[in-house]
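Descriptive analysis of the structure
Chain by chain, the residues:
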Amino acid sequence: MSEYAVVAEGLRKTYGERTAVKGLDLAVAPGQLFGFLGPNGAGKSTTIGMLCTLVRPTAGRAEVAGHDVLRAPAEVRRAIGLIFQESTVDLDLTAEENLRFHAELFGVPRRRARVAIAELLELVELTDRRRSPVGTFSGGMRRRLEIARGLLHTPRVLFLDEPTTGLDPQTRISIWAHLHRIRREQGVTVFLTTHHLEEAEHCDRIAILDAGESVVSGTPAELKAVIGADLITLRTGDDAAAVRALRDHFGLDADAGADGVRVRVTDGASFVPKLCAELAVPVHSVTVTAPALDDVFVHYTGRTIREAEDGPMALAATSGR
Amino acid sequence: MLASLELPPDPLRRNRFGTDLRTIRVLWLREVIRFGRNRLRVAMGLVSPLLFLLILGTGLNSLMGGGGFQGYLFPGVLLMAVQAPALAVGISIVWDRQSGFLRQMLVAPVRRAALVAGLCLGGATAGTLYGLLVLVLAGVAGIPYRPELLLVLGELVLVSFTFTAMGVLAAVCIKRIETFQVVINLALTPLLFLSGAVFPAGGLPGWLSAAVAVNPLAYAVDALRRTLPGDAARLPGTTGPQWWGSAPPLVAELGLVAALAAVALVVAARRFSRAE
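Residues numbered from 1 in each chain as written. Chains lettered and ligands numbered in written order. Predicted model: local features only at pLDDT ≥ 70, side-chain atom pairs only at ≥ 80, totals over all residues. Heavy atoms only, no water.

The next thing to look at is the pairing of strand β11 (residues 230–236) of chain A. Along any regular strand, the residues point their side chains to alternate faces of the sheet. All names here are of chain A. Here β11 lies mainly inside the structure; six of its seven residues are buried. Taken together, the five bridges between β11 and strand β13 (residues 260–265) define a ladder with antiparallel strand orientation. Within the sheet, the bridge partner assigned to Ile232 lies in β13 and is Val263. Sheet analysis places β11 next to strand β14 (residues 283–289), joined by six bridges and oriented antiparallel. Bridging from a neighbouring strand, Ile232 pairs with Val288 of β14. (Buried < 20%, exposed > 50% of the residue type's maximum accessible area, 1.4 Å probe, protein only. Helix = DSSP H or I, 4+ residues; strand = E, 2+ residues; numbered from the N terminus. Pairing = 2+ DSSP bridges.)

Residues and elements named next belong to chain A. Taken together, the six strands give an open sheet; going across it, the order is β6-β7-β8-β3-β9-β10, and neighbouring strands pair in mixed fashion. The open sheet has two free edges, formed respectively by β6 (80–83) and β10 (213–218), since each of these has just one partner strand. Taking the axes of each pair of neighbouring strands and ignoring which way they run, one obtains an average angle of 15° across the sheet. Pairing geometry for strand β7 (residues 157–161) and strand β8 (residues 189–194), over five bridges, is parallel. Bridging across to β8, Val157 finds its partner in Thr189. Across the face of the sheet, helix α11 (residues 293–301) comes into contact with β9 (205–210) and β10 while running at roughly 40° to β9. (Axes fitted to C-alpha atoms, helices over the stretch in contact; angles between N-to-C directions. Contact = heavy atoms within 4.5 Å.)

So, on to the packing of aromatic side chains. Residue and element names in this part refer to chain A. Taken as a whole and judged by the stated rule, the model has eight aromatic pairs over all chains. Here Phe34 and Phe36 contribute two aromatic rings whose centre-to-centre distance is 6.4 Å and whose plane-to-plane angle is 35°, an arrangement assigned as tilted. With respect to burial, Phe34 and Phe36 carry one shared label: buried. With centroids separated by 5.5 Å and ring planes inclined at 55°, the aromatic side chains of Phe36 and Phe191 adopt a geometry described as tilted. (Phe/Tyr/Trp six-rings, centres within 6.5 Å; stacked < 30°, edge-to-face > 60°.)

Residue and element names in this part refer to chain A. If you trace the four strands from one edge of the open sheet to the other, you get β2-β1-β4-β5, paired in antiparallel fashion. Strands with a single pairing partner mark the edges of an open sheet, and in this sheet they are β2 (18–28) and β5 (67–68). Lying on the sheet, helix α1 (residues 44–51) is in contact with β1 (6–15), β2 and β4 (59–64); it crosses β1 at an angle near 115°.

Turning our eyes to something else, we now look at the side chain of Thr47 of chain A. Structurally, Thr47 of chain A is set in helix α1. Setting aside anything within four residues of it in sequence, one finds Thr47 of chain A in contact with Val21, Leu24 and Phe36 of chain A.

Here the focus is the domain arrangement of chain A. Splitting chain A by domain gives domain 1 (6–224) and domain 2 (229–290). Spacing between the C-alpha centres of domain 1 of chain A and domain 2 of chain A amounts to 44 Å. (Domains from an automatic or database assignment.)

Shown next as structure tokens:
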């Protein structure tokens, strides 16, 4: 058994001519909240499919919870919980029935299932709606029910494919609160995909995937440290003079654009007072922006995640699943 | 942190047969509950066979200048009642595949053959219940309420299981819901017309009677017709499929239907088990 909850080596999947995932390496430690980040069509869902034994890899190997996905698919399935991008609850059944059926399919003993269902409904705050048909639930409630269902057979790794897609911002926040809580209370490894960069900040570790390849991985802080510098945006009375002054006094390479003078420095907050003291031109406003994952994404892929989504790969997203 | 790793011994490692039975039971129960909740669908599913019986039956009655055609149509009407919920299982598989629910089931650590068997039993139960609702109206068609009706009910179980298995087989082979509906409609209409359900299959020209002989529905209809009590469902002359000039034994007809179900079930389970 490997010490990692999820390991992949040279994992690859081709559909005919098209390569969805090109030789992926991954290692996720137990108990981690791991984010798999990339634009639509980058191969995230295909990777999850391979790790969950639903898609057969073309090459490479992967182990989940210590079991090889190709040689021991049944063991892998028992050890994982899976929440798909699309809603997969049974609308004709009640919340409780949905959970009970899942417990039966996963062979959870009835007595234990009864206790677990009550606890998990409490965890996702659906206890008072347990007897309502799921067809009457909102998107966020359905998603919460799915999270409860994914945890019912006490999996060691919980996979979530785009858990917050299609939900409103408020619901997204509540889903994240639930994810943190289950990670804390159940000690389960959480492996999720997202194309929202701001959500990746929640993760312990992230890997950025672009066009079927992992371009970089690390903690959000590590990745942002690669960018290294805060962005300072100045609005001044004379932008050209300010750029000159930054070059002459501080040796910094600034540029003047439509939104003012932009310059990158390592410690923005302590730089601002010095800057204001030295500058002869009037300063109207100063903004310091810490590096965001957006910058990291641009740094490694050469485009923003939105540009990447508008590209031809966006089409491939649907067929890749 | 790793508390979940030390939970009680894995309950999933019980004997396989027990797991299979549990899987079959849960999928069956799901279909039955869905059937019970959706009263509108039940009502809709009964409308077309009843229209068939009342309108077509009454119309043909006057054409024939006598009575009794409703009785003749009755086995076909039973078949129509049974096929709707059976095929609905197939539709729900295709639908579930599109919506992702199917993957949710496929990731469960159970044998896929057990999933297929559970689905088929669920469809068979729903189909039989529809059939029972129509069977209650046997008197309308001039069929006496006699104990043989219980045998008919037993046959309906078999026929609706076969229908479901065929629908499931079609569903695992066809990925798109539009294609599925077109294929089913295209297949069902000639099968029904050439089954002897609407008109006797006896007087057909050679190539059509050959088509009747290879039509599984013809055997199902004929078996039902021969089991229904009284004479209302029968007409003089041959009405069902012929083997070398005479009607095959009832047991052979039922055996054929059962064999078809078994083949469909096995093929569907095998196709279902294949990973992407």
